[in-house]
Amino acid sequence: MKIMAIDYGDAHTGIAISDATGTLAGFTTVIDSRKAEVVVQEILRLLPEHGVTELVLGYPKNMDGTVGPRAEKAAAFAETLRQAADLPVTLWDERRTTVDAHNILFNNGKNAKQRKKVVDAVAASLMLEGYLTRKRLEAQRHE
């Protein structure tokens, strides 16, 4: 069972796909497009190639927990994905993942230009790691 995390953005969409065990991120990429239909087509191409069975989409709530225009855009995109991919889509609170991704890359010596190319994939990886951790903890509670 592989899970794809999606950090949907205005110009770049980060993708992270778990390994077959569903315990860590194994594949990452960035889709460079401002057009939702292009992003959906690229995601649909990646699904069978990687055997993805579940989608996790970043849900960018405001820092105070309220839902703003970016979260509403993500919720609409989630519905588009559900219909196009016929897979479950979980909205995942992604507050601070992009900030954390920038910090990780900066601390690893990446300059601003280098960070810009991969930050969305790193943000998707952080979302995926958080989601996988929650799933593991929930599974342990039900054993």
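Quick caveat, the model's predicted, so the values are computed rather than measured.

Enquirer: Teacher, can you tell me more about the pairing of strand β4 (residues 52-59) here?
Expert: Two faces belong to every sheet, and in a regular strand the side chains alternate between them. The element β4 is largely enclosed, with a buried count of seven among its eight residues. As judged from the five bridges shared by strand β1 (residues 2-7) and β4, these two strands associate in the parallel manner. When the bridges of β4 are listed, Ile3 appears paired with Glu54. Strand direction decides the pairing type here: β4 and strand β5 (residues 89-93), joined by five bridges, are parallel.

Enquirer: How should I be thinking about the pattern of salt bridges in this particular structure?
Expert: Charged atoms that come close allow side chains of opposite charge to pair. Under the criterion given, the structure shown has seven salt bridges. With its nearest N and O atoms 2.4 Å apart, the salt bridge here joins Arg45 to Glu42. Of this pair, Arg45 and Glu42 both sit in helix α1 (residues 36-50), separated by three residues, roughly a single helical turn. Given the relative accessible area of 42%, Arg45 is considered partly exposed. Note that Glu79 and Arg82 form a salt bridge whose closest N and O atoms lie 3.3 Å from each other.

Enquirer: Quick question: what am I supposed to make of the packing of α1 against helix α2 (residues 69-85) here?
Expert: When two helices pack together, their arrangement is given by the angle between their axes and by how far apart the axes lie. One way to put it is that α1 packs onto α2 with a least axis distance of 11 Å and a crossing angle of 45°. Put simply, α1 runs oblique to α2. When you trace α1 past α2, the crossing you get is right-handed. Across from Ala36, Val39, Val40, Ile43, Leu44 and Leu47 in α1, the residues of α2 making contact are Phe77, Thr80, Leu81, Ala84 and Ala85. Across the contact of α1 with α2, the residue classes tally to 10 nonpolar, one polar and no charged.

Enquirer: Just to check I follow, could you spell out the packing of aromatic side chains for this structure?
Expert: Note on aromatic pairs: each is described by the distance of the centres and the angle between the planes. Considering all chains together, one arrives at two aromatic pairs under this definition. An angle of 5° between the planes, with centres 3.8 Å apart, marks the rings of Tyr8 and Phe77 as stacked. Of the two residues, Tyr8 is situated in the loop between β1 and β2 (12-18) and Phe77 in helix α2; the sequence distance between them amounts to 69 residues. Judged by relative accessible area, Tyr8 falls into the buried class, the value being 13%. Since its relative accessible area comes to 4%, Phe77 is described here as buried. Considering the side-chain rings of Trp92 and Tyr131, the 5.5 Å spacing of their centres and the 90° angle between planes classify their relative orientation as edge-to-face. One end of the pair, Trp92, is in strand β5; the other, Tyr131, is in helix α4 (residues 112-141), and 39 residues separate them in sequence. The pair formed by Trp92 and Tyr131 is uniform in burial state, with each residue classed as buried.

The rules we used
- Residues numbered from 1 in each chain as written.
- Predicted model: local features only at pLDDT ≥ 70, side-chain atom pairs only at ≥ 80, totals over all residues.
- Heavy atoms only, no water.
- Buried < 20%, exposed > 50% of the residue type's maximum accessible area, 1.4 Å probe, protein only.
- Helix = DSSP H or I, 4+ residues; strand = E, 2+ residues; numbered from the N terminus.
- Pairing = 2+ DSSP bridges.
- Salt bridge = Lys/Arg side-chain N within 4 Å of Asp/Glu carboxyl O.
- Axes fitted to C-alpha atoms, helices over the stretch in contact; angles between N-to-C directions.
- Parallel < 35°, antiparallel > 145°, perpendicular 65-115°, else oblique.
- Left-handed = near helix turned anticlockwise from the far one by under 90°.
- Contact = heavy atoms within 4.5 Å.
- Nonpolar A, V, L, I, M, F, W, Y, C, P; charged D, E, K, R; others polar.
- Phe/Tyr/Trp six-rings, centres within 6.5 Å; stacked < 30°, edge-to-face > 60°.

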